[in-house]
Amino acid sequence: MTEDETRARKRVAIGLAPQRPTAKAIPQRPPAEPGFAFWRWWPVFLLIAVAGATGLLIAAKMVNSPTQWPAVRQNLTAWFFGQRPNSSLSNRNARLQFTDDFNENSHLLAAQQEPEQWWMNVVPATGVYRIDVWPGHVTWSTLGIQLPAAFRLESAFAVAAATPDGYGGLLGRYQNPDNFYFFVVDGHGRFQAQMRKTGVLYTLQPWTALAQLNPAGQNNVMALEDNQTTLRLYVNDGLVFEVLDLQLPPGQAGVVGGAVNPPTAQINVDWLKLYNLP
């Protein structure tokens, strides 16, 4: 009989287990506090989230994707739900005040020209108000009527297919050549918002690619709403920009066109509508 067997018999004889237990089958640990593991790691999670958001913003800037909340909100809504948010274009309470399809001389927009700078006039044969702009120039025409206190100016226009570097859009709160807002799109599917105040130009939104924009040669429908406290811009039935901190008083509205590079750009305004908002 071995020494271990002898020791075991003696333990049994006095009422003990044959072998001395030296460890539990499952190690005993202090009870875990609920949620402790998460809170211990939350600074790491927060750092990862901040790094991820920063990376997304950098990537968006590199590819000219929108970073302004209205445009981002619209893209997210379209992505998740397959639709765009409701826009003012379906506002049933808006009352049409004036409209012009440019089949004859316009009563809303001016006929103007400046040699080798710009030319603007109605072309009844094609039913458009045409804006020709030489490179490096910007021109506009305000409406020749008194605007309602709250209004929506809506227009369909196209940058000519041959001049995609041209751009066109709408003016808002125009006081004089040194004070106004303007919102434009070019033939490459990009949008820009600027404010000119006391002769100084401020970029509110740099050139930004928008998925819902049509390229040069196709119409884009743009609507500018001024409800006395906010300027809202809609393009092709989607909200793309808002000016919440208005720095210019109410003023005139109109259309604008410009050109960056040769050749002379051509912008064709297909129709124009002015609504009185409640």
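What counts, and at which threshold
Residues numbered from 1 in each chain as written. Predicted model: local features only at pLDDT ≥ 70, side-chain atom pairs only at ≥ 80, totals over all residues. Heavy atoms only, no water. Helix = DSSP H or I, 4+ residues; strand = E, 2+ residues; numbered from the N terminus. Buried < 20%, exposed > 50% of the residue type's maximum accessible area, 1.4 Å probe, protein only. Contact = heavy atoms within 4.5 Å. Areas by Shrake-Rupley, 256 points an atom, 1.4 Å probe, with all protein chains shown as cover. Polar contact = N/O pair within 3.5 Å; in protein donor to acceptor, adjacent residues only side chain to side chain. Pairing = 2+ DSSP bridges. Axes fitted to C-alpha atoms, helices over the stretch in contact; angles between N-to-C directions. Salt bridge = Lys/Arg side-chain N within 4 Å of Asp/Glu carboxyl O. Phe/Tyr/Trp six-rings, centres within 6.5 Å; stacked < 30°, edge-to-face > 60°. Lys NZ or Arg CZ within 6 Å of the ring centre and 35° of its normal. pLDDT = per-residue confidence, 0-100.

Caption draft 1: Spotlight on the overall build of the protein. Looking only at helices and strands, one finds 3 helices and 15 strands in the protein. Out of the 278 residues in the protein, the part that is buried amounts to 38%. Within the protein, residue pairs in contact and separated by at least 24 positions form 62% of the contacts whose partners lie at least 6 positions apart. Total accessible area on the protein stands at roughly 16100 Å², and carbon and sulfur atoms take up 56% of it.

Caption draft 2: Molecular detail of the side chain of Gln 205. Tracing the backbone shows Gln 205 in strand β10 (residues 200–209). Owing to a relative accessible area of 4%, Gln 205 belongs among the buried residues under this scheme. Side-chain polar atoms of Gln 205 contact the side chain of Thr 208, separated by 2.5 Å.

Caption draft 3: Structural context of the sheet that holds strand β9 (residues 190–197). Taking strand neighbours across the sheet as the criterion, the 6 strands line up as β5-β14-β7-β8-β9-β10 in an open arrangement whose pairing is antiparallel. Sheet topology places β5 (138–142) and β10 at the edges, where each strand pairs with a single neighbour. Each neighbouring strand pair of the sheet contributes to a mean axis angle of 20 degrees, computed without reference to strand direction.

Caption draft 4: Highlighting the environment of Pro 250. By the element assignment, Pro 250 lies in the loop between β13 (238–243) and β14 (252–259). In sequence terms Pro 250 and Thr 229 are 21 residues apart; their C-alpha atoms lie 9.6 Å from each other.

Caption draft 5: Local environment of the environment of Gly 144. Following the sequence through the fold, Gly 144 ends up in the loop between β5 and β6 (151–159). Once the C-alpha coordinates of Gly 144 and Gly 254 are considered, the two residues, 110 residues apart in sequence, prove to be 9.0 Å apart.

Caption draft 6: Main features of the pattern of salt bridges. Taken as a whole and judged by the stated rule, the model has 7 salt bridges. Taking the shortest distance from any N to any O, the salt bridge between Asp 132 and Arg 130 comes out at 2.9 Å. The exposure class assigned to Asp 132 is buried, which follows from its relative accessible area of 12%. Look at Arg 130 and you get partly exposed, because its relative accessible area is 25%. A salt bridge links Asp 178 to Arg 196; the nearest nitrogen and oxygen atoms lie 3.5 Å apart. Separated by 18 residues along the polypeptide, Asp 178 in the loop between β7 (166–176) and β8 (179–186) and Arg 196 in strand β9 bring together distant segments of the chain. Taken together, the shared-partner salt bridges in this structure form one network comprising Arg 152, Glu 154 and Glu 225.

Caption draft 7: Here's a closer look at the packing of aromatic side chains. Applying the stated criterion to the full structure yields 8 aromatic pairs. Measuring from centroid to centroid gives 6.4 Å for Phe 183 and Phe 241, while their planes differ by 50 degrees, and the two rings are tilted. Here Phe 183 is found in strand β8, whereas its partner Phe 241 is found in strand β13, with 58 residues between them in sequence. Of the two residues, Phe 183 and Phe 241, both sit in the buried class. Joined through ring pairs, the aromatic side chains of Trp 140, Tyr 174, Phe 180 and Phe 182 make up one cluster. Sitting over the face of the ring of Tyr 275, Arg 152 holds its NZ or CZ atom 4.1 Å from the ring centroid.

Caption draft 8: The pairing of β14, seen in detail. Most of β14 sits inside the fold, with 7 of its 8 residues counted as buried. Judged from the 5 bridges that link them, β5 and β14 form a sheet pairing that is antiparallel. By the bridge assignment for β14, Thr 142 is matched with Gly 254. Strand direction decides the pairing type here: β7 and β14, joined by 7 bridges, are antiparallel. Note on β14: the bridge partner recorded for Leu 170 is Val 255.

Caption draft 9: Seen up close, unusual backbone geometry. Here the amide bond leading from Pro 262 into Pro 263 is cis, since omega sits at 0 degrees, within 30 degrees of zero. For Gln 228, which is not glycine, the phi torsion reads 85 degrees and is therefore positive. Note that Gln 228 resides in the loop between β11 (220–226) and β12 (231–235). Look at Asp 237: it is not a glycine, yet its phi comes out positive at around 70 degrees.

Caption draft 10: Spotlight on the confidence of the model for the protein. Mean pLDDT over the protein: 82, with 70% of residues reaching 70 or higher. Note on residues 61–66: pLDDT under 50 across the span, and 13 contacts to partners over four residues away in sequence or across chains. Segment residues 69–90: pLDDT under 50, and 40 contacts once partners within four positions in sequence are set aside and those in other chains are kept.

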